[in-house]
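Architecture at a glance
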Amino acid sequence: MEDFRTWLTIVRDSFAIIGIGLAFWRIYVMRHTFFSDHDRSRRLSALNMMQFWTGTLNQKSSIARKIVESFTNDQCQALNNQKSFNIDSNKKDLLNEYFGKESITEKENVITLNEGQSSILRWEIISYLNQLETVLIAWRHNIADKDIIEEEFNYLYNPEKGHTLIENFRTATGIDSYPGIKEFIGELKTKSENNTKGKSKIK
């Protein structure tokens, strides 16, 4: 009888151990599924953000970015305040393409944008930056897959080619403007510096 009770205890304990093991296994599977679904959701979000971004791009916004990217701090301040200001004539072709040849006033190699043109150009740039900020806020808060966003959007920032994501204008709008863009640029700079440091010198 005693042996039978011992056997029952062993069987009961074995089932208890198996039950605990199964419980841990279920927790593991659920956790793995959760993180897999989360990763898949972030990748899908990144693709949606890319689709949104490409849908917002047009020739006008591209021309406006090229124009304003080369503006000085003073010109960007005037643009942000929607005031009239002067531009060197080397931007004449782009300005003609954006506003139309008949709208541009040039005198002695200097082009003057009036307040109306300044307001139109400012709105174009603000819209461009707001759309980009929407994407990079998703990147910043890990809503969209960071690796995908960085891989697809890093071309926008290349100071060697004059691509600074319209830094002077962003500065003119205020220090707290566009936190997603600011953090994204900081991340790209950090990774670039780390890659440079990691490269061995050629002997």
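1. A look at the layout of surface pockets
- When its volume is computed, the largest pocket comes out at roughly 210 Å³.
- Lining the largest pocket are Tyr 157, Glu 167, Arg 170, Thr 171, Gly 174, Ile 175, Ser 177, Tyr 178, Lys 182, Ile 185 and Lys 189.
- Looking at the lining of the largest pocket, the elements with two or more residues in it are helix 7 (167–173) and helix 8 (179–198).
- Residues of the lining of the largest pocket, tallied by class, amount to four nonpolar, three polar and four charged.
- Each pocket or cavity is described by its volume, and for the second largest pocket that value is around 170 Å³.
- Taken together, Asn 154, Tyr 157, Leu 188, Lys 189, Lys 191, Ser 192 and Asn 195 form the lining of the second largest pocket.
- The greatest single-element share of the lining of the second largest pocket, amounting to five residues, is contributed by helix 8.
- For the lining of the second largest pocket, the class distribution of residues is two nonpolar, three polar and two charged.

2. What about helix 3 (residues 73–80)?
- Among all positions of helix 3, only Gln 75, Cys 76, Ala 78, Leu 79 and Asn 80 are buried.
- Those residues of helix 3 that are buried lie in contact with helix 2 (59–69), strand 1 (85–88), helix 5 (115–140) and helix 7.

3. Quick look at the confidence of the model for the protein
- Across the protein, pLDDT averages 82, with 77% of residues at or above 70.
- This model gives residues 32–36 a pLDDT under 50, and the stretch forms zero contacts once residues within four places in sequence are excluded.
- A low-confidence stretch, residues 199–203 stays under pLDDT 50, and its non-local contacts, those more than four residues away or across chains, total zero contacts.

4. Looking at the packing of aromatic side chains
- Applying the stated criterion to the full structure yields five aromatic pairs.
- Summarising the aromatic geometry, the rings of Phe 71 and Phe 85 are spaced 5.5 Å apart at their centres and angled 85° between planes, so their arrangement reads as edge-to-face. With Phe 71 in the loop between helix 2 and helix 3 and Phe 85 in strand 1, this residue pair connects regions lying 14 residues apart in the sequence. Of the two residues, Phe 71 and Phe 85, both sit in the buried class.
- The structure contains a cluster of three or more aromatic residues connected by ring pairs, namely Trp 53, Tyr 128 and Phe 153.
- Here the guanidinium or amino end of Lys 60 rests over the ring plane of Tyr 98, the centre of that ring lying 4.0 Å away.
- The ring of Trp 139 carries Lys 146 above its face, with NZ or CZ at 4.9 Å from the centroid.

5. Remarks on unusual backbone geometry
- One non-glycine residue, Gln 82, adopts positive backbone phi at about 55°.
- Tracing the sequence through the fold places Gln 82 in the loop between helix 3 and strand 1.
- Classification of Gln 82 by relative accessible area gives partly exposed; the value is 33%.
- Positive phi values are uncommon outside glycine, yet Tyr 178 reaches one of about 55°.
- Residue Tyr 178 is classed as buried on the basis of its relative accessible area of 9%.

Cut-offs and rules
Residues numbered from 1 in each chain as written. Predicted model: local features only at pLDDT ≥ 70, side-chain atom pairs only at ≥ 80, totals over all residues. Heavy atoms only, no water. 1 Å grid on protein atoms, 1.4 Å probe; cavity = no way out; pocket = protein on both sides within 12 Å on 5 of 7 lines; lining within 4 Å. Points joined across faces, edges and corners; volume = space filled by probe spheres on them. Helix = DSSP H or I, 4+ residues; strand = E, 2+ residues; numbered from the N terminus. Nonpolar A, V, L, I, M, F, W, Y, C, P; charged D, E, K, R; others polar. Buried < 20%, exposed > 50% of the residue type's maximum accessible area, 1.4 Å probe, protein only. Contact = heavy atoms within 4.5 Å. pLDDT = per-residue confidence, 0-100. Phe/Tyr/Trp six-rings, centres within 6.5 Å; stacked < 30°, edge-to-face > 60°. Lys NZ or Arg CZ within 6 Å of the ring centre and 35° of its normal.

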